[in-house]
Amino acid sequence: MPKLSTVRLAGLFVVTTLLSQPAIAAEPLKLTVGYQPYDTISYSAVVIRGLELWKKHLPAGTQVEFESALQGAIIVNAMVADKQQIGYLGDMPAVVVTTKLQQAKVNLVANTGYSAGQRCNVVMVRADAPQFKTPQEAVKWLDGKVVATPRGSCADRFLRQVIEKSGIKPKEVLNQSLEVITTNFRAKRIDAAVLWEPTVSRIGDFVGEAAAREVATGHNFDIPDAGFIAMREDFTKKHPAVAKGWLMAELEAQQFLLNPANWTKVAELVKSQTQGITVPMAWFSIYGSVPTARGGSPIRDTKPFIITDEVRKHVDTTYTFLHQVKVIDVDKAPPGAIDDSIAREIVKSKGSPTPLGIIKPLDVSKAPKG
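The structure presented is a predicted model; accordingly, all values stated were derived computationally and were not measured.

**Q** Break down the sheet that holds strand β8 (residues 192-195) for me, with residues and values.
**A** An order of β7-β6-β8-β5-β9 is seen for the five strands of this open sheet, with the pairing classed as mixed. For this open sheet the edge positions go to β7 (172-175) and β9 (212-217), each flanked by a neighbour on one side alone. Geometrically, the sheet is characterised by an average inter-axis angle of 25° between neighbouring strands, direction not taken into account. Relative to β8, strand β6 (residues 146-149) runs parallel, the two sharing two bridges. Looking at the pairing, V147 lines up with A192 of β8. The sheet strands contacting helix α8 (residues 178-186) are β5 (122-126), β6, β8 and β9, and the helix crosses β8 at an angle near 150°.

Have a look at this one:
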């Protein structure tokens, strides 16, 4: 019998050793998603979490942790630090996160909603403020008044634009969180605030506690608002199946949101993931009709899913404006920052229309109880 070479013997030893050892299972992917249940742009994420839709679309073994935040700036910081791989953001923080190139490359991969300023571009005044004939009159009243908004938010972006367009000069513009604004409206420490749904419905007088009144929106100034899903580029490149699976779940969630048969269920899910938001408040925040005299639009929200030309125009305008006011150091999107290729692939494969649909608001009398 011929002798085995030293190399072959070594090879046999390695193979035998490997076969004799127990297999080491690969660690399941842990995915952290930042979302804002206190913002209607994250209601699709609320649905994904509440109905566990992600389990249908992500690779087996994927672990998902949802981290809620009161505003997008918190999610921006977490994504840049690689503590979150996916984030649900309003337009201003969405634009800002794409410019943090020295820390991380983050791209906008899908749209969660687009409206005529009905979500985040909302001006509210204290309950005992005068009754205004028009939204424009209400905005003029802000001149010389104390106004609050969370800095770095889409509402902050809108307030800056309103001040520029109208020429008003508030006495103070305070940087306050949603909770502090709510408390200060109750105590009458501020005159007005710019903020977003569903806090608007919570403290407003349609279905809420009437600590403040909605008096104007972006609809009155031709300033829309939008929401986006942001993903770290290193995550999408390393885990393309997970990125695609998440957007598949997002598509299903947006379709669920659009179906009137599910509107009460959506409100119940929002209530279950928030504090202080009732079912009527959650329902009105996305499905309720605001009177025209107070800034209401015939369409409450549109769900493009992909980043359409209209949405892209709004994004481009936001880059330009935030550069002008020295919030960011570029006046347009960095190369590759707007990349909805996966979303477009999904709607094409599913034969889904874009937009997926629109939400025509209903009178407050249609709001569910509870």
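**Q** Describe unusual backbone geometry, with residues and values.
**A** Backbone torsion omega between E197 and P198 reads 10°, so that peptide bond is classified as cis. In this structure, P198 sits in the loop between β8 and α9 (199-203). The step from T354 to P355 runs through a cis peptide bond, and the omega angle for that step is 5°. Mapping P355 onto the fold places it in the loop between α15 (341-350) and β12 (357-359). Positive phi, normally seen in glycine, also occurs at D222, with a value near 55°. What makes D222 exposed here is its relative accessible area of 70%. Phi angles above zero are rare outside glycine, and F305 is one such case at about 70°. With respect to the secondary-structure elements, F305 resides in the loop between β11 (301-303) and α14 (309-324).

**Q** Could you give an account of the environment of V266, with specific residues and numbers?
**A** Considering the arrangement of structural elements, one finds V266 in helix α12 (residues 263-272). When residues no more than four places from it in sequence are discounted, the contact partners of V266 are Y43, V47, F256, L257 and Y287.

**Q** Please provide a residue-by-residue account of the pattern of salt bridges, values included.
**A** Counted under the stated rule, the structure contains 20 salt bridges. Between K56 and E252 there is a salt bridge, with the nearest N and O atoms lying 2.8 Å from each other. With a gap of 196 residues between them, K56 in helix α3 (residues 54-57) and E252 in helix α11 (residues 240-258) connect regions that are remote in the sequence. In this structure K56 comes out as exposed when scored by relative accessible area, which is 56%.

**Q** Before we move on, could you go through the state of the cysteines and cite the residues and values that matter?
**A** Using the criterion set out here, one finds one disulfide in the structure. Note on cysteine connectivity: C120 is disulfide-linked to C154, with sulfurs 1.9 Å apart. On the sign convention where negative is left-handed, the bridge of C120 and C154, at about 90° about the S-S bond, is right-handed. With C120 in the loop between β4 (106-115) and β5 and C154 in helix α7 (residues 154-166), this pair connects stretches of sequence that are 34 residues apart. Relative accessible area serves as the criterion here: at 0%, C120 is assigned to the buried category. Owing to a relative accessible area of 3%, C154 belongs among the buried residues under this scheme.

**Q** Please provide a residue-by-residue account of the nonpolar core, values included.
**A** Counting 92 residues, the largest nonpolar core has Y88 and W246 as the members making the most contacts within it. Broken down by element, the residue count for this core peaks at 11 residues, all from α11. Residue contacts for W246: discarding those within four places in its chain leaves L31, V33, I48, W54, L58, V64, F66, I86, Y88 and M231. Ranked by size, the runner-up nonpolar core spans 28 residues in total, among them A94, V97, F321 and A333.

Cut-off values and rules
- Residues numbered from 1 in each chain as written.
- Predicted model: local features only at pLDDT ≥ 70, side-chain atom pairs only at ≥ 80, totals over all residues.
- Heavy atoms only, no water.
- Pairing = 2+ DSSP bridges.
- Helix = DSSP H or I, 4+ residues; strand = E, 2+ residues; numbered from the N terminus.
- Axes fitted to C-alpha atoms, helices over the stretch in contact; angles between N-to-C directions.
- Contact = heavy atoms within 4.5 Å.
- Buried < 20%, exposed > 50% of the residue type's maximum accessible area, 1.4 Å probe, protein only.
- Salt bridge = Lys/Arg side-chain N within 4 Å of Asp/Glu carboxyl O.
- Disulfide = S-S within 2.5 Å.
- Core = buried A, V, L, I, M, F, W, Y, C linked by side-chain atoms within 4.5 Å.

These figures come from the coordinates and say nothing about function on their own.
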